[in-house]
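Residues per chain are reported as follows:
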Amino acid sequence: MSDSPAQAVLEILARETGVPPTKINEATELVGDLGIDSPRALQVLVEIEDKLDIEVNDEEVANLRTVGDILEVVATRFPA
Amino acid sequence: MSKSLYLVNPAPVCPSYFGAEVFEQWGFPGAQGIADLATPTVAALAPQDWDISICDEFISPIDFDHPAEIVGITGKITQGDRMIEVANAFRAKGTTVVIGGPYASLSPEQLRPHCDVLVVGELEGIADELFADLESGDFKAEYVAEKPDITTSPLPRWDLYPNDRALMACVQTSRGCPFECEFCDVIQYLGRKQRHKTPDQIIAELDLLYDIGYRSVFLADDNFTASRKTAKAILAALAAWNGSRPDGPVSFNTQVSIDAAKDAEMMDMLAEAGMTLVFIGIETPNVDSLKETKKRQNVGIDLTERISVFVEHGISVVAGMIVGFDNDTKDIFQVQYDFAMQNAVPIFTLGALVAPAATPLFDRMEASGRLTADGSEVAGTPWDTNIVHMNMTKDEMTGGLQWLCNSLYKPEAFAQRMIRMIETMGPLRGPFASHRQTAKAGLRPIEAEAVTILKRLIRRSPEERKMWSDVMAAMAKKPDTGPAVMLSLFRYAQVRCLYDNGGFWEPRVTEQAAVSAVAGGAAVGASGLVSIGGSASG
Ligand code: B12
Ligand code: SF4
């Protein structure tokens, strides 16, 4: 079990893209930097949702461009 | 004096393979898979000082209190009943109702009693006369058009259309088809001489749609590659245009016939232009049936090999299949299944042979007393038909088709064909090869809804989950196939929507052999009416 939701997200992104977690930060672009194409994005979303037991809605999906965008959505489901 | 015109594209009686009813099934607002081109075209042909608005009922409800003086209704056969309802409602309150479009042109007798003005055939050549008469109030009950030259067609009025609710745009590049398949009504509607728009016209339409935000476009041809020379001139223009789009290329889909695969230059040009999916009327692997129905372009060739040529060029194939030709015996369901499973084609549109009203097949069935009074003449209504099949009872046909459809769309079988497509598919070509890294970040809202639908689909059952993980594993080795995989998965969601909608989805029927399913008739369902695409093209 990951320590935090954010860490879980980073782990999933790293596993799916093969990019080491240390090279992924909030500014990392999903398409430009991680090369995530649409099926991969679908897979990442399904994994994040399953792992954290949340649903990212379609408006949020439309606005995902960076890793920070995903973390922001996740943060709204796990307020500090 | 200028008038007000309300153009309506009424809802269909049932979903279709290429539709997008799956959005509503999953709780989203109505949507179109391909934007309706008839309403923006008629709007462009009407006087531009008129006050014109469009309602696509696939997307939003009709405003029956609309104050327009004239209501124009379009539609295909699946919309026929609703066209009549809408017409009657507006006429009851005194609005002048004009009806046109494919169904009105091919079955005018069905609509004549329900409108003030019936337009039979294509509008371009008679638009000036029709609208002048409507403006003066001195109009005829019926206008019958000649086949117009379409090189002067105006730019469709896409500014009036609800584009945010359509996945793909639509551009018509030609009308008519030189082939003469017995079951097809395209020739009766548009003739055998193919008439094309000019490349400049097509590019002007594309510029408009690109600015609106569309990144995929259906080229609404009956058979895009039928006239090789003209098709190549258009493809050269498309390639030049698509390769220089500032915000990434557009993906094109169209309908072609299988003979294009033997023209190596044509195949390269299709790929270089950005063609990513084609619909092909394969109809049947039974050669005697192909001959019977005059599908000559499919005879004497290895269909599987030709289909692979498209996929190797990075172009996915959707194949239209028909069962119930006079030469089909009860083993046809198993034969079709075996054929489908050996092809790199995830999506098949399947249905029983039907005889649409204007076709040579209709005349032959009528002459031999084989038309049924109450059956459906909509191609691809799997459990219904308007003809008596030669070697099967209606129950046997329904049982066999239900077995075939369920067997082919079982998640496990669908995964196998997806994986075959992935393994066969060549690298991204043309504009997509250079845009790999700069692929558009961010989705249109309707595309984001489609992603949500796919997320839910994958979780629908353990079988679907496994289908997806097997497909992802295959795709990991061929990342270029990503867009094709997503498109096929979305079409799969729509197919499931059709089958669910008509009570046709019953995987238990696949536990028996095809032959017992035929003998037993339909196991369940067969209560609703679901149109699933059929063929009648390419
Ligand atoms: C693109 C297309 C589709 C797209 C449609 C996308 C959409 N949202 O509309 C898709 C792939 C989804 C599709 C699906 C189907 N299609 Co289709 N399709 C075509 C195709 C290739 C082009 C249609 C088009 O866009 N034309 C461009 C517009 C500008 O032209 P038009 O509609 O012909 O209209 C002209 C005139 O009729 C007139 N006009 C039209 N409307 C009006 C209204 C008024 C008031 C006036 C005055 C004039 C007027 O002006 C226009 C310009 O001249 C035609 C074949 C063809 N080449 O026409 C088949 C065709 C229309 N389809 C047909 C069929 C049967 C179907 C399906 C039923 C197939 C199935 N079994 O599922 C489904 C039905 C879907 C539904 N609506 O319920 C038949 C219709 C036969 C009939 N008797 O109605 C056709 C003719 C060919 C065929 N046999 O397949 N189709
Ligand atoms: S089925 Fe296709 S190829 Fe055959 S006549 Fe109709 S449009 Fe042409």
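Just so it is clear, the model here is predicted, and its values are computed rather than measured.

Here is what the cut-offs are and how they apply
- Residues numbered from 1 in each chain as written.
- Chains lettered and ligands numbered in written order.
- Predicted model: local features only at pLDDT ≥ 70, side-chain atom pairs only at ≥ 80, totals over all residues.
- Heavy atoms only, no water.
- Contact = heavy atoms within 4.5 Å.
- Buried area = accessible area lost by both parts, 1.4 Å probe.
- Salt bridge = Lys/Arg side-chain N within 4 Å of Asp/Glu carboxyl O.
- Polar contact = N/O pair within 3.5 Å; in protein donor to acceptor, adjacent residues only side chain to side chain.
- Helix = DSSP H or I, 4+ residues; strand = E, 2+ residues; numbered from the N terminus.
- Nonpolar A, V, L, I, M, F, W, Y, C, P; charged D, E, K, R; others polar.
- Core = buried A, V, L, I, M, F, W, Y, C linked by side-chain atoms within 4.5 Å.
- Buried < 20%, exposed > 50% of the residue type's maximum accessible area, 1.4 Å probe, protein only.
- Near = heavy atom within 4 Å.
- Phe/Tyr/Trp six-rings, centres within 6.5 Å; stacked < 30°, edge-to-face > 60°.
- Lys NZ or Arg CZ within 6 Å of the ring centre and 35° of its normal.
- Expected span 1.5 Å × (residues − 1).
- Pairing = 2+ DSSP bridges.
- Axes fitted to C-alpha atoms, helices over the stretch in contact; angles between N-to-C directions.

A. Spotlight on the interface of chain B and chain A. Listed per partner, the contact involves 24 residues of chain B and 18 residues of chain A. Surface buried jointly by chain B and chain A totals about 1900 Å² across both partners, of which 58% is contributed by carbon and sulfur atoms. When residues of chain B are sorted by the area they lose upon contact with chain A, Lys455(B), Arg459(B) and Met472(B) head the list and together hold 28% of the total. Summed over the shared surface of chain B and chain A, the number is five salt bridges. Across the salt bridge formed by Arg456(B) and Glu55(A), the nearest N and O atoms sit 3.5 Å from each other. Where chain B packs against chain A, one counts seven residue pairs in polar contact (both at pLDDT 80 or more). Where the side of chain B that touches chain A is concerned, the elements lending two or more residues are α18 (445-458), α19 (462-477) and α20 (482-501) of chain B. Each residue belonging to the side of chain B that touches chain A can be placed in one class, and the counts come to 15 nonpolar, four polar and five charged.

B. The nonpolar core, seen in detail. Residues and elements named next belong to chain B. Formed by 166 residues in total, the largest nonpolar core has its most connected members in Phe23, Phe310 and Tyr409. With 11 residues, α20 is the single largest residue contributor to this core. In contact with Tyr409, not counting residues within four places along its chain, are Tyr17, Pro346, Ile347, Phe348, Leu350, Phe414, Arg417, Tyr492, Val495, Tyr499 and Trp505. The next biggest cluster of nonpolar side chains, apart from the first, holds 20 residues, and it includes Val8, Ala87, Phe90 and Ile99.

C. Fine view of the site of ligand 1. All names here are of chain B. Neighbouring ligand 1 are 45 residues; Thr74, Thr78, Asp185, Tyr189 and Ala379 lie closest to it. In this structure, an oxygen atom belonging to ligand 1 sits 2.8 Å away from a main-chain N or O atom of Ile77. With respect to ligand 1, the side chain of Gln172 contributes an N or O atom lying 3.5 Å from a nitrogen atom. Elements represented by at least two residues in the shell around ligand 1 include exactly β2 (32-34), α2 (38-45), β4 (70-73), α4 (102-106) and α7 (186-190).

D. Spatial organisation of the packing of aromatic side chains. Residue and element names in this part refer to chain B. Scanning all chains against the criterion turns up 16 aromatic pairs over all chains. Summarising the aromatic geometry, the rings of Phe183 and Phe325 are spaced 6.5 Å apart at their centres and angled 50° between planes, so their arrangement reads as tilted. Of this pair, Phe183 sits in the loop between β9 (174-175) and α7 while Phe325 sits in the loop between β14 (316-323) and α13 (332-341); the two residues are 142 residues apart in sequence, bridging distant segments of the chain. Note on accessibility: Phe183 and Phe325 belong to one class, buried. Here Tyr499 and Trp505 contribute two aromatic rings whose centre-to-centre distance is 6.3 Å and whose plane-to-plane angle is 20°, an arrangement assigned as stacked. It is Arg165 that lies over the ring of Phe23; its NZ or CZ is 5.9 Å from the centre. Taking the ring centre of Trp505 as reference, the NZ or CZ of Arg496 above it sits at 3.9 Å.

E. Inspection of α20(B) at higher detail. All names here are of chain B. Look at α20: 29 Å from first C-alpha to last across 20 residues, which is about the 28 Å you get at 1.5 Å a residue. Counting buried residues in α20 gives 16 out of 20 residues, a clear majority hidden from the surface. Positive phi shows up at Gly503, right after α20, with a value of about 65°.

F. Structural view of helix α16 (residues 411-424) of chain B. Helix length check: α16(B) (14 residues) gives 20 Å between terminal C-alpha atoms against 20 Å at 1.5 Å per residue, within 8%. Those residues of α16(B) that fall on the buried side of the exposure criterion are Pro411(B), Ala413(B), Phe414(B), Ala415(B), Arg417(B), Met418(B), Met421(B) and Ile422(B).

G. Spatial organisation of the side chain of Asp56(B). Residues and elements named next belong to chain B. Mapping Asp56 onto the fold places it in strand β3 (residues 51-56). A polar atom in the side chain of Asp56 sits 2.9 Å from the side chain of Gln32. Side-chain polar atoms of Asp56 contact the backbone nitrogen of Phe58, separated by 3.0 Å.

H. Representation of the sheet that holds β2(B) in the model. Residue and element names in this part refer to chain B. On the basis of which strands lie adjacent, the open sheet formed by seven strands has the order β2-β8-β11-β12-β13-β14-β15 and parallel pairing. This sheet does not close on itself; its edge strands, each paired only once, are β2 and β15 (348-352). With strand direction ignored, the average angle separating the axes of adjacent strands in the sheet is 25°. Pairing geometry for strand β12 (residues 251-256) and strand β13 (residues 275-283), over five bridges, is parallel.

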